[in-house]
Structures are given as structure tokens and as C-alpha cells.
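Topology and contacts: notes
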Amino acid sequence: MGKDHFEKDSDKKRGVIPELKAEDIQSNWESIMDQVQKLYPIIIERKKQNESRTFLLNEKLVQQLLQSYSFTIVAFPEEDGSITVGVDELELYANGKNKETAVENLIEDILEYAIDFFGYPERYLKAPNRRHHFPYLLKVLMCKNSDQIKQMLMGDAK
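The structure reproduced in this document is the subject of the present report.

Analysis parameters
Residues numbered from 1 in each chain as written. Predicted model: local features only at pLDDT ≥ 70, side-chain atom pairs only at ≥ 80, totals over all residues. Heavy atoms only, no water. Helix = DSSP H or I, 4+ residues; strand = E, 2+ residues; numbered from the N terminus. Contact = heavy atoms within 4.5 Å. Salt bridge = Lys/Arg side-chain N within 4 Å of Asp/Glu carboxyl O. Buried < 20%, exposed > 50% of the residue type's maximum accessible area, 1.4 Å probe, protein only. Phe/Tyr/Trp six-rings, centres within 6.5 Å; stacked < 30°, edge-to-face > 60°. Pairing = 2+ DSSP bridges. Axes fitted to C-alpha atoms, helices over the stretch in contact; angles between N-to-C directions.

1. Focus on the environment of K21
With respect to the helices and strands, the residue K21 is situated in the loop between strand 1 (19–20) and helix 2 (22–25). Between the C-alpha atom of K21 and that of R46, which follows or precedes it by 25 residues, the distance is 7.7 Å. Here K21 is in contact with I44 and E45, once residues within four sequence places are set aside.

Structure representation (C-alpha cells):
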């Protein structure tokens, strides 16, 4: 395999994704990362029969993959004058004395849930009512701070 990890130039032109053996990764890490940064995905073969292949993707590609996942934000007033806001896709709702406070509470709850989800992925990905949350929560965790999460939620809002 050459420096750019494609078997042949024709593979690169056809869009064949290079598949590397796990043991080759460490010795070729720098050139592999160069390829990933150039937006070429890399597949790492599974080491054991019961494992899945691993994909290395540039952040820009992941963002592009997640672009179609948008959030439906709902808001409704409560009898006590407070506001409840929520994200239907995650089935998460938060309350606050006004919309701004409710949104801040919702962002905090979403972030907490995302951290828990990715801390225990085997639990959540096996749950039929939770596994579809994966791309939404990954999109949340790709944000650098709460302001970016808010901007994404409100910008995506249907």
C-alpha cells in the first residue's frame, strides 16, 4: 500500500475507501491522518470476527452526515405562568419561569443526557426507544459550548 493508502490510483478515482489492518495503523498514523484531513474516510478492518469495522472521518464529513438531523423545538405556557420547551426528537422537556430560562434548562438537560448516552453507549444503543437519539446527541456534542448548542437548536428548529 502506498503513502496515501490506496491500492492503486484507479481506486482513488473510483471512490474506493481504503481498508487498513489494525496493526498497520500505528506505524502509518501520520499519513493516515493526512488522508483523513483531506476528507478521505479510512476503514480499519476488524480484529475479531464479532467486531465491526471502524471508520475514521474528518469532522467536516461527520457534520455533513449529521446535517439532515434537525431538531423540533416546542414551547407551551403552563398554568402557573412558566414556559415548558422541549426537543421532540429526544423526548426531552424543561421548564422555566420564562422562555430563556427554559431553553437554558433544556440545553443543560440535553448536554447531561448526551454525556450519559456516550458514557454508556451499549445501554442506550440497545434500547429501541433511545437508539435513534445517537445522531442528534452526536451533533450536540460536536458543539464547542452551550451557546453553540443553543444556536444549533434554535437554527435547526422546525
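Right, picking up where we left off after that structure.
2. Some words on the pattern of salt bridges
Tallied over the full model, the rule gives four salt bridges. A salt bridge links K150 to E100, with the shortest nitrogen-to-oxygen separation between them at 2.6 Å. In this pair, K150 sits in helix 8 (residues 146–156) while E100 sits in helix 5 (residues 99–119), placing the two residues 50 residues apart along the sequence. When its relative accessible area of 26% is taken as the criterion, K150 is described as partly exposed. Linking D116 and R123 is a salt bridge whose minimum nitrogen-to-oxygen distance equals 3.6 Å.

3. Concerning the packing of aromatic side chains
This structure, assessed with the given rule, holds eight aromatic pairs. Here the aromatic rings of Y69 and Y136 are separated by 5.2 Å at their centres, their planes lie at 85°, and the arrangement is edge-to-face. Of this pair, Y69 sits in the loop between helix 4 (59–66) and strand 4 (73–77) while Y136 sits in helix 7 (residues 134–141), and the two are 67 residues apart along the sequence. Given the relative accessible area of 12%, Y136 is considered buried. Ring geometry for F117 against F134: centres 6.5 Å apart, planes inclined by 45°, an arrangement best described as tilted.

4. Let's talk about the sheet that holds strand 2 (residues 42–44)
Spatial strand order, 1-2-3: three strands in an open sheet with mixed pairing. Whereas interior strands pair on both sides, the edge strands pair on one side only; in this sheet they are strand 1 and strand 3 (54–56). Judged from the two bridges that link them, strand 1 and strand 2 form a sheet pairing that is parallel. Looking across to strand 2, one finds that E19 is bridged to I43.

5. Section: the sheet that holds strand 6 (residues 92–96)
With antiparallel pairing, three strands are arranged side by side in an open sheet as 4-5-6. Bordering the open sheet on either side are strand 4 and strand 6, each of which pairs with just one other strand. The mean inter-strand angle of the sheet, taken between neighbouring strand axes irrespective of direction, is 20°. Here strand 4 pairs with strand 5 (residues 83–87) via five bridges, running antiparallel. Considered in strand 5, the bridge of A75 is made with V85.

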